[in-house]
Number of protein chains: 4
Amino acid sequence: MLHVAVVGASGYTGVELLRILHSHPQVAVTCVTSEQSAGKPVAELFPTLRNRYHQILENLEPVRIADRADFIFTALPHKAAMEVVPTFIRLGKRVVDLSADYRFHDPALYEAWYEPHLSPELLSRAVYGLPELRREKIAQADLVGNPGCYPTCSILGLAPLLKQGIIHPERIIVDAKSGASGAGRGAKVENLYCEVNDGFKAYAVGGVHRHLPEIEQELSLLAGQPLTISFTPHLVPMDRGILATIYADLKGSHSTTELLALYREFYCGEEFVRVLPEGSFPSTAYVKGSNCCDIGLTVDRRTGRVVIVAAIDNLVKGAAGQAVQNMNIMNGFPENQGLEGLALFP
Amino acid sequence: MLHVAVVGASGYTGVELLRILHSHPQVAVTCVTSEQSAGKPVAELFPTLRNRYHQILENLEPVRIADRADFIFTALPHKAAMEVVPTFIRLGKRVVDLSADYRFHDPALYEAWYEPHLSPELLSRAVYGLPELRREKIAQADLVGNPGCYPTCSILGLAPLLKQGIIHPERIIVDAKSGASGAGRGAKVENLYCEVNDGFKAYAVGGVHRHLPEIEQELSLLAGQPLTISFTPHLVPMDRGILATIYADLKGSHSTTELLALYREFYCGEEFVRVLPEGSFPSTAYVKGSNCCDIGLTVDRRTGRVVIVAAIDNLVKGAAGQAVQNMNIMNGFPENQGLEGLALFP
Amino acid sequence: MLHVAVVGASGYTGVELLRILHSHPQVAVTCVTSEQSAGKPVAELFPTLRNRYHQILENLEPVRIADRADFIFTALPHKAAMEVVPTFIRLGKRVVDLSADYRFHDPALYEAWYEPHLSPELLSRAVYGLPELRREKIAQADLVGNPGCYPTCSILGLAPLLKQGIIHPERIIVDAKSGASGAGRGAKVENLYCEVNDGFKAYAVGGVHRHLPEIEQELSLLAGQPLTISFTPHLVPMDRGILATIYADLKGSHSTTELLALYREFYCGEEFVRVLPEGSFPSTAYVKGSNCCDIGLTVDRRTGRVVIVAAIDNLVKGAAGQAVQNMNIMNGFPENQGLEGLALFP
Amino acid sequence: MLHVAVVGASGYTGVELLRILHSHPQVAVTCVTSEQSAGKPVAELFPTLRNRYHQILENLEPVRIADRADFIFTALPHKAAMEVVPTFIRLGKRVVDLSADYRFHDPALYEAWYEPHLSPELLSRAVYGLPELRREKIAQADLVGNPGCYPTCSILGLAPLLKQGIIHPERIIVDAKSGASGAGRGAKVENLYCEVNDGFKAYAVGGVHRHLPEIEQELSLLAGQPLTISFTPHLVPMDRGILATIYADLKGSHSTTELLALYREFYCGEEFVRVLPEGSFPSTAYVKGSNCCDIGLTVDRRTGRVVIVAAIDNLVKGAAGQAVQNMNIMNGFPENQGLEGLALFP
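Here the structure is a predicted model, which means the values were calculated and not measured.

### A short note on the overall build of chain A
On a plain count of helices and strands, chain A comes out with 11 helices and 13 strands. Over its C-alpha atoms chain A spans a radius of gyration of 20 Å, differing by no more than 12% from the 20 Å that the globule rule assigns to 346 residues. Considering only C-alpha atoms, chain A reaches an extent of 60 × 45 × 35 Å along its principal axes. Taken over 346 residues, chain A has a buried fraction of 61%. Taking contacts inside chain A between residues at least 6 apart in sequence as the whole, the part at least 24 apart equals 70%.

### Topic: the pairing of strand β9 (residues 230-235) of chain D
Residue and element names in this part refer to chain D. When you tally the buried positions in β9, you get 6 out of 6 residues, the bulk of the element. Alternating positions in β9 separate into two faces, Ser-230, Thr-232 and His-234 on one and Phe-231, Pro-233 and Leu-235 on the other, with burial throughout. Judged from the 6 bridges that link them, strand β7 (residues 173-178) and β9 form a sheet pairing that is parallel. Residue pairing across strands places Ser-178 opposite Leu-235, the latter belonging to β9.

### Details of the relation of the copies chain A and chain D
Of the two same-sequence chains, chain A is brought onto chain D (RMSD 0.0 Å, axial shift 0.0 Å) by a rotation of 180°. What the rotation and shift describe, once combined, is the action of a two-fold rotation axis. When the interface residues of chain A are mapped onto chain D, 100% of them are again interface residues, pointing to one common binding face.

### Overview of unusual backbone geometry
Here the bond from Phe-345 of chain A into Pro-346 of chain A is cis, since omega is -5°, no more than 30 degrees from zero. The phi angle at Asn-51 of chain C is positive, at roughly 65°, despite the residue not being glycine. Following the sequence through the fold, Asn-51 of chain C ends up in the loop between α2 (42-45) and α3 (62-68).

### Things to note about the sheet that holds strand β4 (residues 94-97) of chain A
Residues and elements named next belong to chain A. What the 6 strands build is an open sheet, ordered β2-β1-β3-β4-β6-β5; its pairing is parallel. The open sheet has two edge strands, β2 (27-33) and β5 (127-128), and neither has a second partner. Across 4 bridges, the pairing between strand β3 (residues 71-74) and β4 is parallel. Looking at the pairing, Phe-71 lines up with Arg-94 of β4.

### Considering the packing of helix α7 (residues 149-164) of chain B against helix α10 (residues 256-266) of chain B
Residue and element names in this part refer to chain B. Two numbers describe how α7 lies on α10: the axes approach to 10 Å, and their chain directions differ by 105°. Between α7 and α10, the interaxial angle falls into the category roughly perpendicular. From α7, Ala-159, Pro-160 and Gln-164 reach across to α10, where they touch Leu-262, Tyr-263 and Phe-266.

### Focus on the confidence of the model for chain A
Per-residue pLDDT for chain A averages 98, and the proportion of residues at 70 or more is 100%. The ipTM assigned to the predicted complex is 0.97, against a pTM of 0.98.

### As for the relation of the copies chain B and chain A
Rotating chain B by 180° and translating it 0.0 Å along the rotation axis places it on chain A, where the RMSD comes to 0.0 Å. Both copies present the same face, since 100% of the interface residues in chain B are matched by interface residues at the equivalent positions in chain A.

### Re the sheet that holds strand β10 (residues 242-249) of chain B
All names here are of chain B. The mixed open sheet is built from 7 strands, whose spatial order is β8-β9-β7-β10-β13-β12-β11. At either margin of the open sheet sits one strand with a lone partner, and together these are β8 (201-202) and β11 (273-275). For strand β12 (residues 293-300) and strand β13 (residues 305-312), the ladder comprises 7 bridges, and the chain directions are antiparallel. In the strand pairing of β13, Ile-295 is matched with Ala-310.

### Brief notes about the interface of chain B and chain A
At the junction of the two partners, chain B supplies 25 residues and chain A supplies 25 residues. When residues of the side of chain B that touches chain A are assigned to their parent elements, the largest contribution, 4 residues, is made by helix α1 (residues 12-22) of chain B. Here the side of chain B that touches chain A is composed, by residue class, of 11 nonpolar, 7 polar and 7 charged.

### Let's talk about the domain arrangement of chain A
As a measure of interface size, the accessible area lost when the parts come together is often cited. All names here are of chain A. For chain A, the domain assignment lists domain 1 (2-125) and domain 2 (149-314). On a C-alpha basis, the centres of domain 1 and domain 2 stand 27 Å from each other. On the domain 2 side, the residues contacting the 9 residues of domain 1 number 7 residues. For the side of domain 1 that touches domain 2, a count of residues per class yields 6 nonpolar, 2 polar and 1 charged.

### Thoughts on the pairing of strand β7 (residues 173-178) of chain C
Residue and element names in this part refer to chain C. Taken across its 6 residues, β7 has 6 buried, putting it largely inside the fold. The side-chain alternation of β7 yields two buried faces, one formed by Ile-173, Asp-175 and Lys-177 and the other by Val-174, Ala-176 and Ser-178. Relative to strand β10 (residues 242-249), β7 is paired through 6 bridges, and the arrangement is antiparallel. In the sheet register, Ala-176 faces β10, and the bridge partner there is Ala-244.

### Notes on the interface of chain A and chain D
The partner chain D presents 37 residues to the 37 residues of chain A that form the contact. Of all elements in the fold, only β7 (173-178), α8 (193-196), β8 (201-202), β9 (230-235), β10 (242-249), β12 (293-300) and β13 (305-312) of chain A reach the threshold of two or more residues within the side of chain A that touches chain D.

### Section: the environment of Leu-260 of chain C
All names here are of chain C. Locating Leu-260 in the fold gives a position in helix α10 (residues 256-266). Exposure remark for Leu-260: the 22 C-beta atoms within 10 Å place this residue in the buried category. Each C-alpha atom, one on Leu-260 and one on Leu-297, is 7.2 Å from the other, the two residues being 37 residues apart in sequence. Ignoring sequence-local partners within four residues, the contact set of Leu-260 consists of Val-275, Glu-278 and Leu-297.

### A look at the nonpolar core
The biggest cluster of nonpolar side chains holds 488 residues, and the ones touching the most others in it are Val-6 of chain A, Val-6 of chain B, Val-6 of chain C together with Val-6 of chain D. Other than its neighbours up to four places away in sequence, Val-6 of chain C contacts Gly-14, Leu-17, Leu-18, Val-29, Val-32, Phe-73 and Ala-75 of chain C.

### Some thoughts on the environment of Leu-45 of chain D
All names here are of chain D. Within the fold, Leu-45 resides in helix α2 (residues 42-45). In this structure the C-alpha to C-alpha distance between Leu-45 and Arg-274, which are 229 residues apart in sequence, comes to 35 Å. With residues near it in sequence (within four places) discarded, Leu-45 still touches Ser-10, Ser-37 and Lys-40.

### Remarks on the environment of Tyr-286 of chain B
The residue Tyr-286 of chain B is located in the loop between β11 and β12 in this model. Given 25 C-beta atoms within a 10 Å radius, Tyr-286 of chain B is considered buried. As a C-alpha pair, Tyr-286 of chain B and Asp-313 of chain B span 27 residues in sequence and 9.1 Å in three-dimensional space. The residues contacting Tyr-286 of chain B, other than those within four sequence positions of it, are Pro-47 and Thr-48 of chain A together with Asp-294, Ala-343 and Phe-345 of chain B.

Conventions we followed
Residues numbered from 1 in each chain as written. Chains lettered and ligands numbered in written order. Predicted model: local features only at pLDDT ≥ 70, side-chain atom pairs only at ≥ 80, totals over all residues. Helix = DSSP H or I, 4+ residues; strand = E, 2+ residues; numbered from the N terminus. Rg over C-alpha atoms; globule rule 2.2 N^0.38 Å. Buried ≥ 20, exposed ≤ 12 C-beta atoms within 10 Å, placed from the backbone. Contact = placed C-beta atoms within 7 Å. Pairing = 2+ DSSP bridges. Least-squares fit on C-alpha atoms with pLDDT ≥ 70 in both. Axes fitted to C-alpha atoms, helices over the stretch in contact; angles between N-to-C directions. Parallel < 35°, antiparallel > 145°, perpendicular 65-115°, else oblique. pLDDT = per-residue confidence, 0-100. Nonpolar A, V, L, I, M, F, W, Y, C, P; charged D, E, K, R; others polar. Domains from an automatic or database assignment. Core = buried A, V, L, I, M, F, W, Y, C linked by C-beta atoms within 7 Å.

Printed below as a string of structure tokens:
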């Protein structure tokens with residue numbers, strides 16, 4: 001049994017990790033932390049865990065945690081993560097960090113969008129944990145930067161086209177929509193039920209969302225050249241799910257059938273990427289609670305553009321599920337262990 | 001491996017059965033039927049099943065199904081169920097029927113609320129499948145009438161008090177609230193998104209809902225005397241969940257603490273009934289997707305009444321999950337197999 | 001033109017007052033206050049008001065407000081209201097207070113459920129502002145305690161029966177359900193979208209909600225004797241609306257038709273109470289945004305109980321709309337001025 | 001008083017017309033029709049209208065309707081509209097048609113996307129009823145084709161930029177999102193609550209939605225040259241609202257401030273278009289129930305694109321409200337009569 005700690009268990013990502021790990025046959029959760037709620041049973045914070053998790057939330061003391069856990073999930077805000085991850089690494093633990101702190105290859109880029117990095121030396125060691133693109137490196141890593149939710153969806157949606165050089169890399173538009181759990185569990189007026197329900201809005205319009213540099217970093221690597229995209233996130237009145245509608249200009253003439261075949265080949269053997277049949281497009285409703293990324297696309301001959309639609313559950317493939325997938329790879333477990341659950345519909 | 005057929009797989013209960021059975025280690029689904037959608041892949045009807053279920057929906061031909069399955073779930077409308085269940089029984093199959101057709105002990109009662117019964121001789125053989133009350137009989141049965149969603153929640157909420165004779169059996173009020181999936185997947189104007197969203201209503205007011213005689217049948221058995229209750233169902237703008245708020249007059253003086261202790265003892269060892277701590281009350285949000293029934297209660301000294309609040313997921317403990325629990329018992333499998341998944345929150 | 005101040009304009013009740021007053025032909029809003037957001041345009045806080053309201057939110061300085069307004073709505077938390085209302089009254093202004101501070105006739109009752117009252121001498125002068133029951137007194141009052149949302153719905157639902165002595169006053173159960181706006185606009189985790197959406201729960205179970213004594217006070221007056229009821233509020237995942245399902249034991253034998261006739265007579269001429277036809281029951285969806293209270297009922301002969309279902313929009317008839325109705329009566333305006341808007345459906 | 005008929009009153013657009021017309025001081029609704037529900041009181045179909053509308057739904061007999069009404073709203077499906085509109089026009093009535101039948105200037109375009117036109121001779125006489133762009137022609141018209149919901153939002157969002165020639169007309173992307181009322185009130189499985197709630201999806205991907213040619217027709221006129229756009233509609237789990245996120249390539253260098261000033265000038269004096277301050281973007285929540293179109297924009301210097309976000313209530317400015325606005329213009333009434341209601345929030 002792998003002894004696992006969930007550091008930062010009082011947010012939606014934390015409880016989702018606990019939900020998924022509960023059905024993982026090779027994992028025992030030995031430690032859960034929360035600065036705000038230390039001393040309380042985790043099942044009091046999240047009654048879904050009642051009679052299943054009996055742990056008491058602890059304070060975040062890395063050395064004490066490292067005594068009891070060999071594998072650490074850090075589900076902390078950015079900055080808080082890099083304050084403790086180096087200790088875990090130094091103590092020989094393996095870590096999947098769900099914050100933004102270890103997703104960037106270049107400390108300057110991190111600093112430009114966040115703040116000065118506290119452990120820039122770890123960035124070159126950390127692997128960007130998108131298994132479908134970097135499975136081998138993840139298997140060797142002791143530190144994985146778990147991708148953001150918007151980036152996971154956007155990158156999986158674009159990878160085959162960019163890799164094949166089929167689209168103009170400088171003309172990509174990602175119009176993305178997220179459920180409210182993406183905003184976290186902080187007590188803010190703007191996240192109240194009555195502020196979110198029965199309304200729809202854009203936010204961070206004009207290329208100012210922090211997931212943008214992360215997406216561009218990975219897309220640039222795929223394209224083999226630096227690229228700049230338009231990215232607009234939106235808030236959907238639903239709990240879970242991200243759907244990205246992606247517009248790209250085709251370099252030459254390609255049919256929908258041809259591009260779908262390319263996607264199917266690219267993602268051949270991937271259990272968690274489902275390329276949909278021609279004429280079908282994803283809904284977040286069909287991936288809710290599962291680790292799947294569903295992708296559909298069509299060529300619009302009138303405009304010479306391809307429109308790709310990709311959907312994930314932001315808390316699963318966009319966070320906790322992908323983190324467990326990375327843990328499985330890092331430990332040589334079957335990649336789908338604990339992640340076989342089907343989406344909950346309705 | 002137990003070969004299982006899901007008869008009537010095009011409704012919400014059917015797809016929920018498929019979701020749950022997918023993670024059951026001792027089950028292989030060999031046959032799925034749907035009169036309306038025969039010939040289509042089941043994953044086309046429910047894209048959550050894509051790449052996981054490859055079956056084609058078949059017509060409902062009992063003999064052909066019995067060739068390939070040893071255990072049958074009938075998830076059909078009432079009447080449609082009793083048209084085929086006798087054939088399955090005659091062919092030596094075991095059946096969990098999710099309709100109302102085998103829930104009543106008295107054919108006259110069924111006829112009064114539904115229509116004349118087509119196989120009244122099977123009613124005495126059928127077991128009302130509430131495992132927490134009839135585990136032993138279920139284990140011996142070849143035909144189980146799987147309880148309705150409202151009845152499951154109401155009966156589990158009241159059983160300890162009635163069994164102990166602590167409340168006046170003639171003064172029970174069950175005010176119950178259900179999510180929209182309880183209304184099924186039929187294309188009716190009243191079930192459209194815009195008719196249900198952001199509104200709340202009562203329906204079947206005044207003791208006319210068909211789950212009422214089912215509840216009264218079981219409560220009467222528990223009380224050891226015939227009883228009549230008030231029951232009002234309501235429609236909540238949410239997908240899943242039933243919450244019953246139950247009012248009963250205490251015969252003598254009892255404290256909340258004492259009654260909670262009674263519940264804890266009554267449900268001791270039951271994995272799927274969680275009696276909450278004093279001062280805590282259930283939410284459907286904490287059982288969504290799980291097979292749990294959460295129960296809280298309090299004594300209101302001002303009125304001499306006890307108020308019990310019970311919550312389930314109507315599609316799981318109220319339908320498909322309980323059906324699988326019954327299947328496990330009937331086959332000697334661990335009772336929680338396939339049902340260990342935690343609730344999805346948020 | 002009546003010069004009106006809205007004191008406490010940063011909550012949902014405040015913005016609803018502004019929405020309604022905007023279409024009132026005899027009112028000019030001259031002053032809006034908010035301690036938290038003083039200095040900001042009210043339209044920045046509530047973008048629905050853009051280009052329609054140009055006022056800047058002010059601090060709550062009663063004397064300065066009284067200089068510019070003749071009629072005051074105080075939409076403050078309890079206690080905050082009684083800190084300023086006496087000043088307005090002393091300065092000769094008329095006030096509708098939307099808090100609980102002037103709803104009780106007996107200071108001891110207020111103190112038992114809230115805290116010591118700061119101006120108990122005003123309580124006998126204040127009128128409980130339910131126009132359908134106290135229109136004449138309201139017309140004479142300079143201080144009206146605007147009823148709570150649950151009480152409005154519960155009292156209107158029960159008044160005809162209690163007044164006629166048709167039901168046992170000691171056996172009333174009010175099972176009430178409210179949308180999330182009833183919880184206010186405070187930044188609390190429990191009111192976040194992801195905590196409320198797609199779930200349903202009871203709260204303040206066991207007779208501990210502060211609207212209970214208010215309901216009992218008014219029902220006792222109607223019954224002509226003190227009475228005690230069971231009252232359980234619930235939270236519905238919707239923005240607006242309260243629906244109360246009320247159970248009462250009939251003293252003798254009465255038909256549904258007879259009781260509906262009684263209701264129709266009792267509420268004859270009332271524009272804002274709609275007694276539904278036999279067999280019809282209300283939905284909050286049909287009163288959303290309107291000042292109506294819809295009432296349906298049925299006699300359940302099996303149990304000898306009558307079940308009454310009443311629905312209002314908690315922010316309109318349960319708060320701001322009723323406050324404007326009271327203002328109209330106090331000023332001799334047509335009672336429906338500003339309140340003629342139909343419910344928004346869907 | 002203008003005598004008005006609402007032809008096709010059983011859909012969401014029909015009931016919204018009735019809601020709005022109810023508060024119009026110069027209108028009397030003399031006739032409401034519905035083929036499906038003829039003979040029923042309209043208030044039985046839509047209980048929001050109870051005690052306010054007493055009309056009985058009639059069959060659609062144009063000559064009989066014309067006897068009692070001088071102004072006709074046809075809220076019918078396409079084709080059904082052009083089967084009766086010519087009769088109304090022949091009888092000297094003025095008509096606002098809310099279907100697609102009189103929105104196109106070229107019958108061939110209508111035929112390409114819909115079917116052969118039954119009264120192509122009326123197309124040149126019909127005015128495309130977007131008041132902000134064609135107020136004078138509407139004032140003279142006896143037949144107005146009321147714009148579609150997506151087109152209203154998209155065209156208002158782009159008009160100033162296209163008119164000024166500031167953007168490349170051939171590189172426009174409109175990513176649009178609509179609430180579920182846009183799908184109408186037909187009883188279809190895909191529009192059920194459980195199919196729509198808590199999910200988000202794209203539909204009609206790849207330039208196949210029928211509102212596309214309508215948008216292109218009007219944008220081409222504004223640009224002074226034919227143009228082709230990418231347009232993807234999405235379904236949001238909410239009742240009302242459309243939000244369009246629009247991407248366009250700037251020809252030269254322009255600041256956000258400059259473009260906002262351009263919009264403010266372009267829409268100067270328009271009561272129903274609100275250009276938001278820099279840094280603010282619309283939400284459908286802030287226009288729900290009102291006739292406003294809110295517009296925000298920003299220049300993204302990294303990509304050289306402008307991103308415009310526009311929001312309307314699809315049933316008001318996108319249908320019934322705009323129809324009443326057109327009626328007001330055609331009759332010389334104040335343009336905002338009946339349309340002054342503020343948005344309902346929350």
